[in-house]
Amino acid sequence: MMATNGKDACGLNGDEPSVSLNGTSDTLAKKSHTLVMNGAATQPDSKLQNGRTGAESFTFTPEPTIEDIRRMQAEFTDERDWNQFHQPRNLLLAMVGEVGEVSELFQWRGEVAEGLPNWTESEREQLAQELSDVMIYLVELAEKCHVDLPQAVLRKMALNRLKYPASKVHGSAKKYTEYKD
Ligand SMILES: Nc1ccn([C@H]2C[C@H](O)[C@@H](COP(=O)(O)OP(=O)(O)OP(=O)(O)O)O2)c(=O)n1
C-alpha cells in the first residue's frame, strides 16, 4: 500500500535535485526528448515502408514508471512548498486545464492521421509537453486520492475485457450497454 503522502517512503529531503533514476533528472530529460524525437522522425516513414499503423510500430521506453513519475513530482512540489496548493480538487482542475491545452493543439485541424505526419517538430514537442502535464497531474491526483494507479489500471483493463469480449464486439465501437445477448 502506498504511504500517506509518499514523501517518507521516497526518502525525499528537499535537497536540490535528488532524483536519481539511472543517474540524474537531466538524464531523464534527455531520454524523454529522444523518445519524442524518435517517435516524430520514424513513425511516418515506418508506416510508408511496412504498411503497418503507428500503433503497431511505436512503443514507449520502459522508464520512468508511473511510480517514478509520482516520486519525481512529489519531490518537485516538496522543494517548492507547493503541497499546500496540491489538494485533489486543485489537481483535478489543473489536469483538466492541461487537457484543454492538448485540445487546443488539435482544434480546427480536421481529422489528424496517426503519427501526426503533417505536424512540425515544434508542434510535436508542444503536444509532448501538454500530454506530460496531463500525466503529471493525473499521477499526483491519484496519489493524493490514495489510488494505486498501476494496479487500478490492471483491474480496470480486466473489467474492460469482461465487458467487451473480443469475440462479441470485434470490429464494433458500440457501448457495452447496446449489446443484447
Ligand atoms: N502549481 C504548479 C504549477 C506547475 N506545476 C507543474 C506541473 C505541470 O507539469 C506544469 C504546469 O505548469 P504551468 O501551469 O506553467 O502550465 P504549462 O507548462 O502548460 O504552461 P502554459 O500554460 O504557459 O502552456 O508544471 C505544478 O506541479 N504545480
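Basis of the calculations
Residues numbered from 1 in each chain as written. Predicted model: local features only at pLDDT ≥ 70, side-chain atom pairs only at ≥ 80, totals over all residues. Heavy atoms only, no water. UniProt positions renumbered as here; feature names shortened; annotations may be inferred. Axes fitted to C-alpha atoms, helices over the stretch in contact; angles between N-to-C directions. Helix = DSSP H or I, 4+ residues; strand = E, 2+ residues; numbered from the N terminus. Parallel < 35°, antiparallel > 145°, perpendicular 65-115°, else oblique. Left-handed = near helix turned anticlockwise from the far one by under 90°. Contact = heavy atoms within 4.5 Å. Nonpolar A, V, L, I, M, F, W, Y, C, P; charged D, E, K, R; others polar. Buried < 20%, exposed > 50% of the residue type's maximum accessible area, 1.4 Å probe, protein only. Phe/Tyr/Trp six-rings, centres within 6.5 Å; stacked < 30°, edge-to-face > 60°. Lys NZ or Arg CZ within 6 Å of the ring centre and 35° of its normal. Near = heavy atom within 4 Å. Polar contact = N/O pair within 3.5 Å; in protein donor to acceptor, adjacent residues only side chain to side chain. Areas by Shrake-Rupley, 256 points an atom, 1.4 Å probe, with all protein chains shown as cover. Core = buried A, V, L, I, M, F, W, Y, C linked by side-chain atoms within 4.5 Å.

Taking an unreviewed UniProt entry as the reference, the protein chain is identified by name as dCTP pyrophosphatase 1 belonging to Cottoperca gobio. The UniProt entry for the protein chain carries the following text under Subcellular location (unreviewed entry): "Cytoplasm, Cytosol". As stated in UniProt under Catalytic activity (unreviewed entry), the record for the protein chain gives "dCTP + H2O = dCMP + diphosphate + H(+)".

S.K.: Provide a residue-level description of the packing of helix H5 (residues 88-106) against helix H6 (residues 121-144), including the pertinent values.
M.R.: Running from N to C, H5 and H6 point in directions that differ by 160 degrees, and their axes come no closer than 9 Å. By the angle between their directions, the pair H5 and H6 is classed as roughly antiparallel. Judged by the twist between their axes, the crossing of H5 over H6 is left-handed. Contacts between H5 and H6 pair Pro 88, Leu 91, Leu 92, Ala 94, Met 95, Glu 98, Val 99, Glu 101, Val 102, Leu 105 and Phe 106 from the former with Gln 126, Leu 127, Glu 130, Leu 131, Asp 133, Val 134, Tyr 137, Leu 138, Glu 140, Leu 141 and Lys 144 from the latter. Of the residues belonging to the contact of H5 with H6, the class tally is 15 nonpolar, 1 polar and 6 charged.

S.K.: Describe unusual backbone geometry, listing the residues and the values that go with them.
M.R.: With omega at 0 degrees, the peptide bond leading from Glu 63 into Pro 64 counts as cis. Within the fold, Pro 64 resides in the loop between helix H3 (54-57) and helix H4 (66-79). The phi dihedral of Asp 81 falls on the positive side, at around 55 degrees, and the residue is not glycine. Note that Asp 81 resides in the loop between H4 and H5. Look at Asp 81 and you get exposed, because its relative accessible area is 53%. Even without a glycine there, the phi angle at Leu 116 is positive, about 50 degrees. Inspection of the secondary structure assignment puts Leu 116 in the loop between H5 and H6.

S.K.: Could you give an account of the packing of aromatic side chains, naming the residues involved and the relevant values?
M.R.: Applying the stated criterion across every chain yields a total of 3 aromatic pairs. Geometrically, the ring pair formed by Phe 76 and Trp 82 is edge-to-face, given 5.7 Å between the ring centres and 80 degrees between the ring planes. Judged by relative accessible area, which is 34%, Phe 76 ranks as partly exposed. Here the aromatic rings of Phe 106 and Trp 119 are separated by 5.0 Å at their centres, their planes lie at 55 degrees, and the arrangement is tilted. Taken as a pair, Phe 106 in helix H5 and Trp 119 in the loop between H5 and H6 lie far apart in primary sequence, 13 residues in all. Judged by relative accessible area, Trp 119 falls into the buried class, the value being 7%. One Lys or Arg, Arg 109, reaches over the ring of Trp 119 and ends 4.0 Å from the middle of that ring.

S.K.: Got a sec to walk through the site of the ligand? Specific residues and values, please.
M.R.: Residues in contact with the ligand, as listed here, are Gln 73, Phe 76, Trp 82, His 86, Glu 98, Glu 101, Glu 130, Asp 133, Ile 136 and Tyr 137. One nitrogen or oxygen atom from the side chain of Glu 101 is found 2.9 Å from an oxygen atom belonging to the ligand. Asp 133 places a polar side-chain atom, nitrogen or oxygen, 2.6 Å from an oxygen atom of the ligand. About the coverage of the ligand: the protein hides 53% of its 580 Å² of free accessible area. Of all elements in the fold, only H4, H5 and H6 reach the threshold of two or more residues within the shell around the ligand. No other element matches the 4 residues that H6 contributes to the shell around the ligand. The class makeup of the residues in the shell around the ligand is 4 nonpolar, 2 polar and 4 charged.

S.K.: Run through the nonpolar core, naming residues and quoting values.
M.R.: Ranked by size, the top nonpolar core spans 10 residues in total: Leu 91, Met 95, Val 102, Leu 105, Val 112, Leu 116, Trp 119, Leu 127, Val 134 and Leu 141. Those elements giving two or more residues to this core turn out to be H5 and H6. With 4 residues, H5 is the single largest residue contributor to this core.

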